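These are the residues of each chain, in order.
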Amino acid sequence: MIKNRIKTLMLLAALTALLLWVGQALAGQLGLAVAVVAAGAMNFGAYWFSDRLVLRMHGAREVGEGEAPEMRRVVADLALRAGLPMPRLFIMPGEAPNAFATGRSPDKGVVAVTEGLLRLLDRRELRGVIAHELGHIRNRDTLVMTVAGALAGGLGFLADMALFNSLFGGGSDEEGESGGTGGGLLAVVLAPLAALLIQSSISRSREFLADEAGARLSGDPLALASALRKLEAWSREAHVGRATPATAHLFIVNPFAGGGIERLFSTHPPTERRVERLEALARQTSAPGPGALSPAHARR
């Protein structure tokens, strides 16, 4: 877990350095400031209102007091174990099984699952999935991905500004400053691509962290591994009804699973790698010694 946290910090630092370097090279200090402020404003709004937007986008409805009692009991038990307030619960229509968590802070946590997930998974697997989502809430992944999105968005603004400038004749360099038209256009293309790669890598790192946090919270890494196998099999057959690439990173498995070069830009690690890590964690935590799960985690 510490390794993945360090990786996230290093990737955020790389994204920041890329933004500063490209901003200075393409647009100067004023252009960089404009890009950062504009991207920050957009992502500030997303941070405060993304939960409502994504729930509405996916047609989610809040679970009533007497509805889905099994799910409510599972969430309440795991939230208590995690030291988190009880999140609001939502159900999305559709047969494709999937789930996501959102909310700008643990106090505003939201867990949403599809109808298909509730039908497909048994109670043990459901606990594993819910624990994973609570791991996202406890790790404040909405905040982490908002910061990453702001930095990547700033790079996108810089690229757009530089392209606009070059198209309308602002790219001529009478002073002979560094970076010709070719170099500028190359940066316009490569900077957003590099930002997307780094942003995707941060998202994959957070998924690994949530897997481990959820496995330790539930005390049953193999339950989450079993659920992931089932969800992956279904994701190849059907997408979440209203899933879009903009919200794919929220779900526990990518609703737009692909292979080959698509994995470079995937918001999720390959499911087989996630399962391997969970199985290794199960072996580690079942052995006696410092790594073993505590009796509190082992219950149920």
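Source: prediction; values computed, not measured.

Student: Run through the pairing of strand β2 (residues 88–92), naming residues and quoting values.
Tutor: Consecutive side chains along a regular strand alternate between the two faces of the sheet. Among the 5 residues that make up β2, 4 are buried, leaving the element largely enclosed by the rest of the structure. Sheet analysis places strand β1 (residues 61–62) next to β2, joined by 2 bridges and oriented antiparallel. If you follow Arg61 over to β2, its bridge partner there is Ile91. In this structure, β2 lies alongside strand β4 (residues 110–114), joined through 5 bridges in parallel fashion. Pairing of Met92 across the sheet is with Thr114, part of β4.

Student: Now, about the environment of Thr8: what can you tell me, with residues and values included?
Tutor: In this fold, Thr8 is placed in helix α1 (residues 2–26). In the structure, Thr8 is positioned 195 residues away from Ser203 in sequence and 8.7 Å away in space, judged by C-alpha atoms. Excluding residues within four positions of it along the chain, Thr8 makes contact with Val144, Ile202, Ser205, Arg206 and Leu209.

Student: Run through helix α3 (residues 69–82), naming residues and quoting values.
Tutor: Here α3 is 14 residues long and its end C-alpha atoms lie 20 Å apart, about the 20 Å a rise of 1.5 Å per residue gives. Just past α3, the residue Gly83 takes up positive phi, approximately 70°.

Student: Let's hear about the environment of Val75: which residues, and what values?
Tutor: Along the chain, Val75 falls in helix α3. Classification of Val75 by relative accessible area gives buried; the value is 0%. Along the primary structure Val75 and Leu89 are separated by 14 residues, whereas in three dimensions their C-alpha atoms are 8.7 Å apart. Apart from the residues within four sequence positions on either side, Val75 is in contact with Met86, Pro87, Leu89, Ile130 and Leu134.

The rules we used
Residues numbered from 1 in each chain as written. Predicted model: local features only at pLDDT ≥ 70, side-chain atom pairs only at ≥ 80, totals over all residues. Heavy atoms only, no water. Buried < 20%, exposed > 50% of the residue type's maximum accessible area, 1.4 Å probe, protein only. Helix = DSSP H or I, 4+ residues; strand = E, 2+ residues; numbered from the N terminus. Pairing = 2+ DSSP bridges. Contact = heavy atoms within 4.5 Å. Expected span 1.5 Å × (residues − 1).

Keep in mind that these numbers describe shape and distance, not what the molecule does.
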